[in-house]
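Listed below are the residues making up each chain.
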Amino acid sequence: MANETSRRDLLRGTLAMAGLGVLGIPDWVLPALAQGETLVPFTDIPATTNFTPAVDRRTFDIRKIDGPFTPADQFFTTQHYGHPVVDPATFRLKVSGLVERPASLSLDELKRMGGKELLAGFECSGNRRPLQGLSGNGRWTGVPLRAVLDRAGVKPSARAFVFFGADHGPEDVDFRGTISKVEQQFGRSLNREQALSGTPFLAWALNGEPLTRHQGSPLRLLVPGWYGVSNVKWLAQIHLQEEAYLGKYQARWYRTFRGEMIDGEMRWNETAISHMQLKSFVARVAKNGSAYKVTGVILNDGTPIRSVEVKVDDGPWQAATMDPSTKEKYGWKLFTYTWNGATPGDHTIVSRVTDTTGKVQPTEQELESKKSFLEQNSQAPRKLKIA
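Each chain has its residues counted from 1, running along the sequence as written. Totals for whole chains, interfaces and linings use every residue, but because this is a predicted model, local features are given only for residues with pLDDT of at least 70 and side-chain atom pairs only at 80 or more, for both listing and counting. Heavy atoms throughout the structure, all of them, feed into the side-chain values; hydrogens and water do not.

## A closer look at the sheet that holds strand S20 (residues 345-355)
Working definition: the strands of a sheet are paired by backbone hydrogen bonds and lie parallel or antiparallel to each other. Within the open sheet, the four strands sit side by side as S17-S16-S20-S21. Their pairing is antiparallel. Each edge of the sheet is formed by a strand with only one pairing partner; in this case those strands are strand S17 (318-319) and strand S21 (382-386). Examined bridge by bridge, strand S16 (residues 305-312) and S17 share two bridges and lie antiparallel to one another. Bridge pairing in S17 places Glu-309 opposite Ala-319. Two strands make a pair as long as DSSP finds a minimum of two bridges between them. Going along the chain from the N terminus, every DSSP run of H or I of four or more residues is numbered as a helix, and every run of E of two or more is numbered as a strand.

And the structure:
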């Protein structure tokens, strides 16, 4: 069809082969378009959508998923204070505050401590329908945060572990009507238990290549299972302190505001953006003969998945198949569903996921009391037309 995208436009064989080499999996399990398949366009996004309006404002076109990992040059990127240029040759990571041995570590020193790999996917907490493109999955190389903290020696009084990026900018800080103009670094914090859990990771490479400037070169923090705001890019300093950290992007901008009925009364709560909420979405639909293959993505905090289902129009929920190439705890999970008997005309297709604790991805109506757009994990119907 004239308005369908061919296999040649979507395939990215180089990354698929990289995935094969790393995981040792056969190519038939990868979700790239097969020979003879054609992409069915969604009608809920304009054909002229620009997924990369600027190098520092890039959204991943999820219809181009062709393997376990998102290509580094397509991985989404966003920022608040611009993208600083940090020379890897002169870079030093400072470890300060409530530590026994304050440190200033070069990239080479960090590499001698690490060389570990982490497979992890995440999304921006502002990722939402219909594009869902502020998400990605990568193979990261680096060193566990715990190794760096053990080298510095954490004092018993340390409670807040603050991570500052090299990016900074002017801010107006309002305290009861008094405005102070200050220069602030981007910062996020973890509590003691989170920081010392062994899960957070300091990465210097993505998919086997050094981080680019737009992915946080030369070093970034990764907190697997958490939203992207916690993954501080251009990591410059780790500062341990006793009091809670209340920087703008920790205490004010990244909050979810929602109502909850308690004893018959509505109570309004603000909660911090941290663990990713259970979520799935349909990434693309491709035609192959008379059948249509639906490919989708699951993102969550690492809790094992029990099932994922797909519904077409007002039909029943049908079981989808998990892709065996994406089974890492903190990686995104891909799924497929074969839609047979599709009739010409407009259709709606939606997915929902359930984890092993029994938690089910909510409907949009079930999130009506949430007043902020962050953590939008509701079931997301996609619209398309069958020719």
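## Section: a nonpolar patch on the surface
Surface patches are drawn from residues lacking salt bridges whose relative accessible area is over 30%; two like charges belong together within 9 Å, two nonpolar side chains (Val, Leu, Ile, Met, Phe, Trp, Tyr) within 5 Å. Each accessible area value is a Shrake-Rupley result obtained with a 1.4 Å probe; residue values ignore everything except the protein chains displayed when judging cover. Every case where a carboxyl oxygen of Asp or Glu lies within 4 Å of a side-chain nitrogen of Lys or Arg is listed as a salt bridge. Where nonpolar side chains cluster on the molecular surface, the patch consists of Phe-257, Met-261, Met-266 and Trp-268 and spans about 400 Å² of accessible area. At the level of elements, strand S12 (255-262) and strand S13 (265-272) are the ones that each hand at least two residues to the nonpolar patch. As for its placement among the helices and strands, Met-261 is situated in strand S12.

## Regarding the sheet that holds strand S3 (residues 103-105)
With mixed pairing, the five strands of this open sheet are ordered in space as S3-S2-S11-S6-S7. Pairing within the sheet leaves two strands with one partner each, and these edge strands are S3 and strand S7 (178-191). Each neighbouring strand pair of the sheet contributes to a mean axis angle of 35°, computed without reference to strand direction. As defined by bridge partners, strand S2 (residues 93-97) adjoins strand S11 (residues 235-241) across four bridges and the pair is classed as parallel. The partner of Lys-94 across the bridge, within S11, is Gln-237. With axes taken as lines fitted to C-alpha atoms, and helix axes fitted only over the stretch in contact, angles between N-to-C directions fall between 0 and 180 degrees.

## So, the pairing of S2
Within a regular beta strand, the side chains point alternately toward one face of the sheet and then the other, so they alternate between its two faces. Sheet topology note: the S2/S3 ladder contains three bridges and is antiparallel. For Val-95, the partnering residue across the bridge sits in S3 and is Ala-103. Count of turn residues in the S2/S3 antiparallel hairpin: five residues.

## Let's talk about the packing of aromatic side chains
Pairing of aromatic side chains requires ring centres within 6.5 Å, counting the rings of Phe and Tyr and the six-membered ring of Trp. Pairs whose planes differ by under 30 degrees are stacked, by over 60 edge-to-face, and all others tilted. If you walk through the whole model with that rule in mind, you get 12 aromatic pairs. An angle of 80° between the planes, with centres 5.7 Å apart, marks the rings of Tyr-81 and Tyr-249 as edge-to-face. Highlighted residues: Tyr-81 in the loop between strand S1 (38-40) and S2 and Tyr-249 in helix H6 (residues 248-252), separated in sequence by 168 residues. Under the scheme applied here, a residue whose accessible area is under 20% of the maximum for its type counts as buried, over 50% as exposed, and between as partly exposed, the area being computed with a 1.4 Å probe on protein chains only. According to the relative accessible area criterion, Tyr-81 is buried, its value standing at 14%. By the ring-pair criterion, three or more aromatic residues cluster together here, those being Tyr-81, Phe-186, Tyr-249, Trp-253 and Tyr-254.

## A word on the confidence of the model for the chain
Each residue carries a pLDDT value, the predictor's own confidence for that position, ranging from 0 to 100. This prediction gives the chain a mean pLDDT of 90; 91% of its residues lie at or above 70. Here, residues are in contact when the closest pair of their heavy atoms is within 4.5 Å. The low-confidence segment residues 1-30 (pLDDT under 50) makes 56 contacts with residues lying over four places distant or belonging to another chain.

## Description of the environment of Phe-60
By the secondary structure assignment, Phe-60 is in the loop between S1 and S2. Since its relative accessible area comes to 2%, Phe-60 is described here as buried. Spatially, the C-alpha atoms of Phe-60 and Pro-71 are 9.4 Å apart, while their sequence positions differ by 11 residues. In contact with Phe-60, other than residues within four places in its own chain, are Phe-51, Ile-65, Thr-70, Gln-74, Phe-76, Gly-133, Ser-135 and Trp-332.

## Structural notes on the pairing of S7
Where strand S6 (residues 160-175) and S7 come together, 13 bridges link them in antiparallel fashion. Residue pairing in the sheet places Glu-171 in a bridge with Val-182 of S7.

## Observations regarding the nonpolar core
Core analysis: the biggest nonpolar cluster contains 51 residues, and Leu-110, Trp-140, Phe-163, Leu-202, Leu-235 and Ile-238 have the highest contact counts within it. Judged by nonpolar contacts, the second largest core, of 23 residues, contains Ile-45, Val-312, Ile-349 and Leu-384. Remark: nonpolar core denotes a set of buried residues (Ala, Val, Leu, Ile, Met, Phe, Trp, Tyr, Cys) joined through side-chain atoms within 4.5 Å.

## Section: the side chain of Asn-207
Structurally, the position occupied by Asn-207 is in the loop between strand S8 (201-206) and strand S9 (209-210). Contacts described as polar in this section are N or O atom pairs within 3.5 Å, which, within protein, must combine one atom able to donate a hydrogen with one able to accept it, while residues neighboring in sequence count only if both atoms come from side chains. Only 2.8 Å separates the side chain of Asn-207 from the backbone oxygen of Thr-70, close enough to count as a polar contact.

## Focus on unusual backbone geometry
With an omega of -5°, the peptide bond between Arg-129 and Pro-130 qualifies as cis. Structurally, the position occupied by Pro-130 is in the loop between strand S4 (116-123) and strand S5 (135-144). Cis geometry marks the peptide bond from Ser-217 to Pro-218; its omega dihedral reads 5°. With respect to the secondary-structure elements, Pro-218 resides in the loop between S9 and strand S10 (220-222). Positive phi, normally seen in glycine, also occurs at Trp-234, with a value near 50°. Note on Trp-234: relative accessible area 2%, which makes it buried.

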